[in-house]
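Structure at a glance
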Protein chains: 2
Amino acid sequence: MKIIETKSAPNARRVRMFLAEKGLLDEVQFEQVDIAAGENLSEAYRAKNLTTKIPVLALDSGEFIGESVAICRYFEALHPSPALMGETPLEQAQIEMWQRRAEFHLMLPVGMCFQHTTGYFKDRMVPVPAYGEQCGKDARAFMAQLDAHLAGSEFLAGPRFSIADITALCAVDFARVVKIRISDEWAHLARWYKQVAGRPSAAA
Amino acid sequence: MKIIETKSAPNARRVRMFLAEKGLLDEVQFEQVDIAAGENLSEAYRAKNLTTKIPVLALDSGEFIGESVAICRYFEALHPSPALMGETPLEQAQIEMWQRRAEFHLMLPVGMCFQHTTGYFKDRMVPVPAYGEQCGKDARAFMAQLDAHLAGSEFLAGPRFSIADITALCAVDFARVVKIRISDEWAHLARWYKQVAGRPSAAA
């Protein structure tokens with residue numbers, strides 16, 4: 001079993017942190033692909049993951065699983081403990097809700113802000129800086145909402161650490177590249193950040 | 001148990017179709033909120049779903065579940081049969097992968113094309129038409145990829161109908177509002193569309 005990734009990319013980190021929390025990091029081999037150089041745009045890579053995104057999980061059967069959350073779901077189903085995607089139906093739904101909020105309102109706008117304001121991938125897309133700047137504002141606005149939410153919740157989805165915290169941590173850390181940081185006003189978000197970034201898995 | 005939705009919106013349809021496939025449509029009450037008039041931007045609605053998006057599931061316990069896929073996951077966990085999110089770990093991962101591909105590469109760009117080129121929500125966001133046009137192109141490009149994929153696969157994630165097909169169907173139908181339609185060249189996508197749109201649940 002092998003994961004093909006770009007180590008510095010936030011989505012790759014999400015999967016490594018998830019595996020580290022499960023104690024599975026040493027069960028998987030890692031192979032690097034250089035997305036800055038466009039190695040993921042080759043036909044060989046596209047045959048593994050048609051979206052050309054990283055990471056992708058290569059199973060021993062010859063099958064491939066793309067999409068970070070789908071890779072996590074595979075390991076969650078194979079190794080349910082510790083549960084990072086919930087146990088009861090309500091908990092599964094709440095974690096899915098917060099994981100998606102963290103993804104659509106933080107990870108995605110931070111990524112779009114990066115792609116559309118820095119021109120990092122301008123060899124393969126046309127940046128629209130006005131859109132990127134809006135995304136930066138949207139990400140900041142969601143961080144303020146998260147701060148208010150975390151005033152009454154230990155983790156994003158309640159009392160239990162979950163994949164939602166992993167997504168949010170990786171998004172907050174990646175946001176530094178577009179100069180978005182946790183504001184001094186956001187004491188609850190800062191408390192959560194310190195707690196989650198301090199887990200051994202965060203260094204995976 | 002009640003779902004608050006806007007009946008004409010594609011994300012609301014996804015959840016209704018999912019419930020119809022499970023035979024659960026009559027178990028849930030529906031209440032309409034007018035997103036065009038901005039009813040979802042009220043403090044009362046935001047207390048139910050902080051992102052202000054629809055639909056949201058109101059549980060009898062007083063708790064709320066936002067995010068269409070999180071609502072679906074709740075019903076999948078409570079009523080596993082027929083499985084729409086997979087049974088084995090591999091199947092769960094493959095369905096999650098295709099559901100996410102359909103969402104990020106079709107539903108989302110179609111929605112962004114709509115919001116950024118029509119100005120439908122210009123009272124609450126600043127449209128960036130250049131970005132919207134790019135999204136339209138991205139959606140078309142993904143439909144071509146889907147066509148190639150469906151040459152060798154009955155449904156998006158393999159031989160079994162799943163939530164990935166629901167997401168893709170709702171996205172393809174919604175794409176008409178931005179004049180994106182299945183091209184005559186895409187025979188496999190057209191075959192799949194006819195099959196999935198013909199299910200009774202598609203009318204839910």
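Here is what the cut-offs are and how they apply
Residues numbered from 1 in each chain as written. Chains lettered and ligands numbered in written order. Predicted model: local features only at pLDDT ≥ 70, side-chain atom pairs only at ≥ 80, totals over all residues. Contact = placed C-beta atoms within 7 Å. Helix = DSSP H or I, 4+ residues; strand = E, 2+ residues; numbered from the N terminus. Nonpolar A, V, L, I, M, F, W, Y, C, P; charged D, E, K, R; others polar. Pairing = 2+ DSSP bridges. Right-handed = clockwise from strand over helix to strand, strands pointing away. Least-squares fit on C-alpha atoms with pLDDT ≥ 70 in both. Axes fitted to C-alpha atoms, helices over the stretch in contact; angles between N-to-C directions. Parallel < 35°, antiparallel > 145°, perpendicular 65-115°, else oblique. Left-handed = near helix turned anticlockwise from the far one by under 90°.

1. Considering the interface of chain B and chain A
Of the residues lining the interface, 27 residues belong to chain B; the matching set on chain A comes to 28 residues. At the level of elements, β4 (64–66), α3 (68–78), α4 (89–118) and α5 (129–150) of chain B are the ones that each hand at least two residues to the side of chain B that touches chain A. Of all the elements, α4 of chain B adds the most residues to the side of chain B that touches chain A, at 10 residues. Class assignment for the residues of the side of chain B that touches chain A results in 15 nonpolar, 7 polar and 5 charged.

2. Some thoughts on the pairing of strand β2 (residues 29–32) of chain A
Residue and element names in this part refer to chain A. Pairing analysis gives 4 bridges linking strand β1 (residues 2–5) to β2, with the strands arranged parallel. Of the residues in β2, the one forming a bridge with glutamate 5 is glutamine 32. After leaving β1, the chain enters helix α1 (residues 10–22) and then returns to the sheet as β2, a path that is right-handed.

3. Here we look at the relation of the copies chain B and chain A
Mapping between the two copies of the chain is achieved by a rotation about an axis and a shift along the axis. With an RMSD of 0.0 Å, the fit of chain B onto chain A corresponds to turning through 180° and sliding 0.0 Å along the axis. Put plainly, the chains are arranged around a two-fold axis. Taking C-alpha positions as reference, the residue of chain B nearest the rotation axis is tyrosine 131 of chain B, located at 3.4 Å. Of the interface residues in chain B, 100% have counterparts in chain A that sit at the interface too, so the contact is made through matching surfaces.

4. Regarding the packing of α1 of chain A against helix α3 (residues 68–78) of chain A
Residues and elements named next belong to chain A. At a closest axis distance of 9 Å, the pairing of α1 and α3 adopts a crossing angle of 15°. It follows that α1 is roughly parallel to α3 by the angle criterion. α1 and α3 meet at a crossing whose hand is right-handed. Packed against α1, whose contacting residues are Asn11, Arg14, Val15, Phe18, Leu19 and Lys22, the element α3 presents Ser68, Ile71, Cys72 and Phe75 at the interface.

5. A few points about the sheet that holds β2 of chain A
One key point about sheets: their strands pair by backbone hydrogen bonds, in either a parallel or an antiparallel sense. Residues and elements named next belong to chain A. Taken together, 4 strands build an open sheet; the order of strands is β2-β1-β3-β4 and the sheet is mixed. Only two strands of the sheet have a single neighbouring strand rather than two, namely β2 and β4 (64–66). Between one strand axis and the next, the sheet turns through 25° on average, direction left out of account. In terms of strand pairing, β1 meets strand β3 (residues 56–58) through 3 bridges, oriented antiparallel. Following the sheet pairing, isoleucine 3 is matched in β3 by leucine 57. On the sheet, α3 packs against β3 and β4 and is oriented at approximately 125° with respect to β4.

6. Here we look at the sheet that holds strand β1 (residues 2–5) of chain B
Residue and element names in this part refer to chain B. Reading across from one edge, β2-β1-β3-β4 is the order of the 4 strands in this open sheet, with mixed pairing throughout. Two strands bound the open sheet, and with one partner strand each, they are β2 (29–32) and β4. For this sheet the average axis-to-axis angle between neighbouring strands, irrespective of direction, equals 25°. Pairing analysis gives 3 bridges linking strand β3 (residues 56–58) to β4, with the strands arranged antiparallel. From the neighbouring strand, valine 56 faces β4, where its bridge partner is glycine 66.

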